[in-house]
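# Report on the structure
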Amino acid sequence: MSDTRSDGELLRAITADADRRAFEELYRRYAPWLRARLRGRCADLGVVDDVVQETFLAVWRGKARYREDGDAAGWLWRIGSRRLVDALRGDGARGRLRQALARLRHRDEVSAEERVLAGVEHGDLAGALVRLSPELRAVLQATVIDGLTTREAAVLLGIPPGTVKTRAMRARKQLREALA
């Protein structure tokens, strides 16, 4: 078979015939992309690699059902992002993530995310963002820039969902006051 099969053809071959070559082609197409997207959500590369593997194992084993008219990339992203949240909820993964984030916080260099936040040049927004506490900036980054849900941000930051909502509300209020 040719490597130019569509995503739908590959997925049909995987589910109907347990076609290993189709599975390998799908993996080559999407694993690097999925890994890169998940790395934007999780600093622990071990967790990210595990989630990518679990995502594709779910496809291979038929535990995830693909709708013929759906977008394969979006479908894989939904599986992967849900598996990431599940992995981060586990104590082992959460502990590793907290350690990785703690190491990042103690570096002398400013993170890329903080540089982006500080570099926003729309009115006085950059100054207002810099004046926010690190906790409020972290919630804004997770919910606004990374696009995580309240629940996902809570898992990522290791705080209750109610705290995420409260901090997001406080951050928006402080930004409004600073920009008024």
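These numbers come from a predicted model, not from an experiment.

## Observations concerning the confidence of the model for the chain
- A residue-level look at the chain finds 73% of positions with pLDDT of 70 or above and a mean pLDDT of 78.
- Of all helices and strands in the chain, the one with the weakest mean pLDDT is helix α6 (residues 112-119) (51), whereas helix α2 (residues 20-39) scores best (92).
- This model gives residues 119-123 a pLDDT under 50, and the stretch forms 3 contacts once residues within four places in sequence are excluded.

## Focus on the environment of T150
- Within the fold, T150 resides in helix α9 (residues 150-157).
- If we skip the residues at most four places from it in the chain, T150 touches P161, V164 and K165.

## Side note on the nonpolar core
- L26, L38, F56 and V59 are the most contacted members of the largest nonpolar core, which totals 37 residues.
- Going through the elements one at a time, α1 (7-17), α2, α3 (45-60), α4 (72-89), α8 (134-145), α9 and α10 (161-179) are the ones with two or more residues in this core.
- No other element matches the 9 residues that α4 contributes to this core.
- When near neighbours in sequence (up to four residues on either side) are disregarded, L38 contacts V48, V51, V52, W77, G80, S81 and L84.
- Counting 7 residues, the second largest nonpolar core, distinct from the first, contains A128, L132, L140 and A171.

## Some points on the pattern of salt bridges
- According to the stated counting rule, one finds 7 salt bridges in the structure shown.
- Across the pair R29 and D7 runs a salt bridge whose closest N-O atoms are separated by 2.6 Å. Residue R29 is located in helix α2, and its partner D7 is located in helix α1; the two are separated by 22 residues in the primary sequence.
- For the salt bridge of K173 with E177, the shortest nitrogen-to-oxygen distance reads 3.8 Å. Of the two residues, K173 and E177 are both situated in helix α10; the distance of 4 residues between them amounts to about one turn of the helix.
- A residue is classified by how much of its surface remains accessible, and K173, at 47% relative accessible area, is partly exposed.

## Considerations on the side chain of T55
- Summarising the element assignment, T55 is placed in helix α3.
- Residue classification places T55 among the buried positions, given a relative accessible area of 0%.
- Within the structure, T55 has its side chain in polar contact with the backbone oxygen of V51 (distance 2.8 Å).
- Every residue in contact with T55, bar those within four places of it in the chain, is listed here: L34, L76, I79, G80 and R83.

Conventions and cut-offs
- Residues numbered from 1 in each chain as written.
- Predicted model: local features only at pLDDT ≥ 70, side-chain atom pairs only at ≥ 80, totals over all residues.
- Heavy atoms only, no water.
- pLDDT = per-residue confidence, 0-100.
- Helix = DSSP H or I, 4+ residues; strand = E, 2+ residues; numbered from the N terminus.
- Contact = heavy atoms within 4.5 Å.
- Core = buried A, V, L, I, M, F, W, Y, C linked by side-chain atoms within 4.5 Å.
- Buried < 20%, exposed > 50% of the residue type's maximum accessible area, 1.4 Å probe, protein only.
- Salt bridge = Lys/Arg side-chain N within 4 Å of Asp/Glu carboxyl O.
- Polar contact = N/O pair within 3.5 Å; in protein donor to acceptor, adjacent residues only side chain to side chain.

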